[in-house]
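# Topology and contacts: notes
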Amino acid sequence: QVQLVESGGGLVQAGGSLRLSCAASGRTFSRYDMGWFRQAPGKEREFVAAISWSGGSTYVADSVKGRFTISRDNAKSTVYLQMNSLKPEDTAVYYCAAKPGGAVVPGIGQYDYWGQGTQVTVSS
């Protein structure tokens, strides 16, 4: 089992920045690829970004490319999502997720463990 706890969400004005953190506990963090997903009200959960177990490979959704950056610190068992130039359409609950290391993929069904989510609200 891997337990994931997100933090760092909040209310920010359009154009602002936030950094989300996801702290992992349980099994060896460095063996897992990590992903960030989001779900806006009335919409399906969607992929945002993913990073390989080593941090050497990342994959970012086109909708956030150039604005969001995913990174990880295996010594701290934490994955981050730096969000810049935020837009109102980025408003959602953001979830981190983990899957056994193998390939950096966007598919929700590929991830075995999920956090509870953190709310991000971007005002116009």
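Report follows, based on the coordinates. (Residues numbered from 1 in each chain as written. Predicted model: local features only at pLDDT ≥ 70, side-chain atom pairs only at ≥ 80, totals over all residues. Heavy atoms only, no water.)

## Describing the overall build of the protein chain
As a reminder, the rule being used: Comment: elements are numbered from the N terminus, with helices defined as DSSP H or I runs of at least four residues and strands as E runs of at least two. Every radius of gyration here is taken over C-alpha atoms, with the globule rule written as 2.2 Å times N^0.38, N being the number of residues. Each residue gets one of three labels from its accessible area relative to the maximum for its type: buried under 20%, exposed over 50%, partly exposed in between, using a 1.4 Å probe on protein chains only.
The helix and strand tally for the protein chain stands at 0 helices and 11 strands. Helices and strands appear in the protein chain in the N-to-C order β-β-β-β-β-β-β-β-β-β-β. A compact globule built from 124 residues would reach a C-alpha radius of gyration of about 14 Å, and the protein chain, at 13 Å, matches this within 12%. A total of 124 residues make up the protein chain; the buried ones form 43% of that total.

## Section: the pattern of salt bridges
This is how the line gets drawn: Any Lys or Arg side-chain nitrogen found within 4 Å of a carboxyl oxygen on Asp or Glu counts as a salt bridge.
The tally for this structure, following the rule as stated, stands at 5 salt bridges. A salt bridge links D33 to K99; the nearest nitrogen and oxygen atoms lie 2.9 Å apart. Of the two residues, D33 is situated in strand β4 (residues 32–39) and K99 in strand β9 (residues 92–100); the sequence distance between them amounts to 66 residues. Both residues of the pair, D33 and K99, count as buried.

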